[in-house]
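Here is how the chains run, residue by residue.
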Amino acid sequence: MRCTMATQIQMIQRFIKSESFSGILLFIATLSAVIIANSALSDNYFELWNKNFGVTLGDKTISMSLMYWINDGLMALFFLMVGLEIKRELLIGELSSVEKASFPIVAAIGGMVIPALIYVFFNMDNPKGFGVPMATDIAFALGILMLLGKRVNPALKLFLVALAVVDDLGAVMVVATVYTGELQFEYFLYASLVYAALWIFNLKKVSSLIPYMVLGIALWIFIHSIGVHATIAGVLLAFVIPIRPDVNEKEFINNTKNLVDEFEKNIDDIPLLNHKQMEILEDIAYKYDKVQNPLLKLEHRLHWMTAFFIMPLFAFSNAGVVLDFSAVSQNLMIVLGVVFGLLVGKPLGIIGFTYLVDRFNMVKKPDNLSWSEIGAVGFLGGIGFTMSIFITQLAFLDPVVVSAVKIAIFIASFIAGVIGVLLILRAHN
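Residues numbered from 1 in each chain as written. Predicted model: local features only at pLDDT ≥ 70, side-chain atom pairs only at ≥ 80, totals over all residues. Heavy atoms only, no water.

A.B. asks: Help me out: how do you make sense of the overall build of the protein in this one?
C.D. replies: For the protein, the count of helices and strands is 17 helices and two strands. Relative to the compact-globule value of 22 Å for 429 residues, the protein shows a C-alpha radius of gyration of 24 Å, a close match. Its C-alpha atoms put the protein at 80 × 60 × 45 Å along the principal axes. Burial statistics for the protein: of 429 residues in total, 51% are counted as buried. In the protein, the proportion of contacts linking residues at least 24 apart, taken out of those at least 6 apart, comes to 80%. Accessible surface computed for the protein: about 20,700 Å², of which carbon and sulfur atoms make up 67%. Here the protein holds 29 positive side-chain charges and 33 negative ones, and the gap between their average locations is 7 Å. (Helix = DSSP H or I, 4+ residues; strand = E, 2+ residues; numbered from the N terminus. Rg over C-alpha atoms; globule rule 2.2 N^0.38 Å. Buried < 20%, exposed > 50% of the residue type's maximum accessible area, 1.4 Å probe, protein only. Contact = heavy atoms within 4.5 Å. Areas by Shrake-Rupley, 256 points an atom, 1.4 Å probe, with all protein chains shown as cover. Lys, Arg positive; Asp, Glu negative; His and termini not counted. Charge placed at Lys NZ, Arg CZ, Asp CG, Glu CD.)

A.B. asks: Mind showing me how you'd approach the pattern of salt bridges here?
C.D. replies: Following the criterion strictly, the structure yields three salt bridges and no others. Linking Arg88 and Glu299 is a salt bridge whose minimum nitrogen-to-oxygen distance equals 2.6 Å. Of the two residues, Arg88 sits in helix α3 (residues 66–92) while Glu299 sits in helix α12 (residues 294–318), which places them 211 residues apart along the sequence. Judged on exposure class, the residue Arg88 and its partner Glu299 are both buried. Ionic pairing is found between Lys364 and Asp358, a salt bridge with its closest N-O pair at 3.6 Å. (Salt bridge = Lys/Arg side-chain N within 4 Å of Asp/Glu carboxyl O.)

A.B. asks: Looking at this model, I keep getting lost on the environment of Met75. Mind explaining?
C.D. replies: Tracing the sequence through the fold places Met75 in helix α3. Separated by 312 residues in sequence, Met75 and Met387 place their C-alpha atoms 11 Å apart. Discounting residues that sit within four places of it in the chain, Met75 has contacts with Ile70, Thr231, Ile310, Met311, Phe314 and Phe390.

A.B. asks: In this structure, what is going on with the packing of α3 against helix α9 (residues 232–240)? I would like to understand it.
C.D. replies: For any two helices packed against each other, the geometry is given by the interaxial angle and the distance between the axes. With their axes 7 Å apart at the nearest point, α3 and α9 run at an angle of 35 degrees to one another. Remark: the crossing between α3 and α9 carries right-handed chirality. Residue-level inspection shows Ala76, Phe79, Leu80, Gly83, Leu84, Ile86 and Lys87 of α3 in contact with α9, the latter providing Gly234, Val235, Leu237, Ala238, Phe239 and Val240. Grouping the amino acids of the contact of α3 with α9 by side-chain chemistry returns ten nonpolar, two polar and one charged. (Axes fitted to C-alpha atoms, helices over the stretch in contact; angles between N-to-C directions. Left-handed = near helix turned anticlockwise from the far one by under 90°. Nonpolar A, V, L, I, M, F, W, Y, C, P; charged D, E, K, R; others polar.)

A.B. asks: How should I be thinking about unusual backbone geometry in this particular structure?
C.D. replies: Excluding glycine, a negative phi dihedral is what most residues carry, and trans is how most peptide bonds are arranged. Backbone geometry at Lys205 places phi at a positive 60 degrees, although glycine is not the residue there. Along the chain, Lys205 falls in the loop between α7 (186–203) and α8 (209–226). Residue Lys205 is classed as exposed on the basis of its relative accessible area of 65%. Although it is not a glycine, Asn361 adopts a positive phi angle of roughly 55 degrees. Summarising the element assignment, Asn361 is placed in the loop between α14 (332–359) and α15 (371–380).

This is the structure we're talking about:
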């Protein structure tokens, strides 16, 4: 499969545009949730998300609250999207070579390690929330860059995208290994058999997405039954989606040219397509479907759903918090760990790690990025928001603690975003 530089740039541009607009929707959904949660509709708001819904398959019933269906079900599709982006970037994107990947990987590692350590410093007696300040909300960060328009260096956007992909991979690993319930090991066999079947499809070059999605639902059910967070099923499914199409580009071009010539030969005086022309068009449509990369096709289909529906719905259902600052004072060390982790740890980790590897000639800083711009990305990385809230729901069971952490995330993300914008504007001048 060939993937030209122009194709890569177009894919990244589409990613940036959709994620940027998604950032605006996320802001609207979040603001709406906070307003409603602190209004006369507060009780109705929280009761809605706690209503139970169930699905019965044979003798097995899965019953969860509406919020859990969003967080465990719809978010599995979001993590499928994340997994597809990770796989694409590793194969053909900004992480496809050691030279291109090294700098954003180092930045992402620093942006995860230092915030986690800062959180643990404040909460040595109960460090389980260390994953909260590790996350970066790429939609909000890119939304801010979009608002700044041409004043943003394009290389800075690419650096932020690559960093966020690695950051997402880190978040996936933390969710999979740390934030799990009591494990039911008997379901490992069923999940393993389903996943083995998915890999057989991949190795047999099955390009139709239907069998992958059908078995993906079964994989989600068994992983949920194991006790591992069910969203991990989305990432595992992404890794088995093939990237190579059934028909290569040259074969598609030659076949299409021949079919178009045949279509032209069958033109008649009747102002309607004849039977032969209809067959030719159907043949072109069939080959058009076969020349598409299964991974990119699924990514394209999921993108609008995740960017414009799943993430705003997640924000609206999870960001609602009663602004009772007594919860903050009751959980001050947790709040400080989150605020300093996002606001200090993220930029310190991203800037510090990249500066050290550049200083000691281990990995070179890209020439088209200034240290001021890297600093700006460091603070934009401190916008944890939706991913931080997602991990908060996994790390803490006490609703008072959850409320305090959400307030901390809002405060830290807002300040980090403002500082990041000021640094970008300064770098532009």
